[in-house]
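Breakdown of the fold
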Amino acid sequence: MKVRKVVLPVAGLGTRFLPASKCVPKEMFPIVDKPVAQWLVEECCACGIEEVIFVTAQGKNALEDHFDSASELMHLLDSKGKTDLFEQMRSLENLVRVTAVRQKHPLGLGHAVWCAKDAVGNEPFAVILGDELVLSEKPAIGQLISAAERLGGSAIAVDEVPADKTNRYGIVDGEPVEPGILQLRRLVEKPRPVDAPSRMAITGRYVLPPEVFDILEKTKAGQGGEIQLTDALNELASRHESPMFSVVLEGRRLDAGAPLGLLKTALHYALADARYREDVLETMKELLERENKA
């Protein structure tokens, strides 16, 4: 069955960005000329996703507003002859169907995904975490969807990490079936380097069957007192009803979940954009020369 819907859990408080995130959701922070959320939604649209389901919390209304119509703004742009901006805003309004559901209590990623159960329904769906961007020619979530459909199972995006950093990630364990693809036996949440079954870390994109919702509903709180998505995926993998795969995606994975990561991500996106590349390179050159003289 075709993957038509994607869940974006964006209910977090963004405490690493305080005070900037006190009133503005971190997903609305700009990467060059678009907020993080728009880059993610455009990634989904580029591979045929029909509906984006935001799992939000109190104070996150700006996310829904960003993709909603803004008649007063449109009238102003039209009256001032700002045709290019007018067309950009109209395109944004018509980009995709946006649904929002609330995660009323911060009970972890697994609970956030479960909150989207009714909006997803009985069909396979994708999940993208709001901190992870992938700069690539092919849409990252599209790569994962294609792999899941071709291999006939669920799929999890992974990337290789240094051996001494496995305790920061969920790590997968499995058997190679193709270059860059493992058929999974289990997932381990933040293992010590000595206990890690591999160096392949889960990187924030998933294609999952609807059966995961029933598992999440019965999953008990684990590490940190939260309902872990990794625990539910382990249960799903153990049932052997359909295989689960990890897939190394093409492209550069960028973590925008902290201030320095956001800055680095913005630089990568600016350098990939012909409108800004030369100016950014010139500015970087000037800064380096100034630092060398200091």
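Quick note: structure is the one above.
Reference entry: report on the structure contained in this document. Because the structure is a prediction, the values reported are computed rather than measured. (Residues numbered from 1 in each chain as written. Predicted model: local features only at pLDDT ≥ 70, side-chain atom pairs only at ≥ 80, totals over all residues. Heavy atoms only, no water.)

A look at the packing of helix α8 (residues 211–218) against helix α9 (residues 229–238)
Interhelical geometry of α8 versus α9 gives an angle of 120° and a closest axis separation of 9 Å. Between α8 and α9, the interaxial angle falls into the category oblique. Regarding α8 and α9, the two cross each other, and that crossing is right-handed. Of the residues in α9, those in contact with Glu 211, Val 212, Ile 215 and Leu 216 of α8 are Leu 229, Ala 232, Leu 233, Glu 235 and Leu 236. In the contact of α8 with α9, the residues fall into seven nonpolar, no polar and two charged. (Axes fitted to C-alpha atoms, helices over the stretch in contact; angles between N-to-C directions. Helix = DSSP H or I, 4+ residues; strand = E, 2+ residues; numbered from the N terminus. Parallel < 35°, antiparallel > 145°, perpendicular 65-115°, else oblique. Left-handed = near helix turned anticlockwise from the far one by under 90°. Contact = heavy atoms within 4.5 Å. Nonpolar A, V, L, I, M, F, W, Y, C, P; charged D, E, K, R; others polar.)

Topic: the packing of helix α10 (residues 259–271) against helix α11 (residues 277–293)
Remark: α10 packs on α11, axes separated minimally by 8 Å, with the N-to-C direction vectors making an angle of 130°. By the criterion of interaxial angle, the relationship of α10 to α11 is oblique. Facing α10, whose interface residues are Leu 267, Ala 270 and Leu 271, α11 presents Arg 277, Val 280 and Leu 281. In the contact of α10 with α11, the residues fall into five nonpolar, no polar and one charged.

A word on the packing of aromatic side chains
Under the definition given, this model contains four aromatic pairs. Their ring planes at 10° and their centres at 4.9 Å tell us that Phe 125 and Phe 213 sit as a pair that is stacked. One end of the pair, Phe 125, is in strand β6 (residues 125–128); the other, Phe 213, is in helix α8, and 88 residues separate them in sequence. Given a relative accessible area of 0%, Phe 125 falls into the buried group. (Phe/Tyr/Trp six-rings, centres within 6.5 Å; stacked < 30°, edge-to-face > 60°. Buried < 20%, exposed > 50% of the residue type's maximum accessible area, 1.4 Å probe, protein only.)

As for the pattern of salt bridges
According to the stated counting rule, one finds 24 salt bridges in the structure shown. The partner of Arg 186 in a salt bridge is Asp 173, with the nearest N and O atoms 3.0 Å apart. Of the two residues, Arg 186 sits in strand β10 (residues 181–189) while Asp 173 sits in strand β9 (residues 170–178), which places them 13 residues apart along the sequence. A relative accessible area of 38% places Arg 186 in the partly exposed class. Residue Asp 173 is classed as buried on the basis of its relative accessible area, which comes to 11%. When the shortest N-O distance is used, the salt bridge between Arg 185 and Glu 175 registers 2.6 Å. With Arg 185 in strand β10 and Glu 175 in strand β9, the pair connects residues that are 10 residues apart, well separated along the chain. The partly exposed category is assigned to Arg 185, whose relative accessible area is 44%. On the accessibility criterion, Glu 175 (45% relative accessible area) is partly exposed. Overlapping salt bridges, with partners in common, bring together Arg 4, Lys 5, Glu 50, Glu 51, Arg 97 and Glu 123 in one network. (Salt bridge = Lys/Arg side-chain N within 4 Å of Asp/Glu carboxyl O.)

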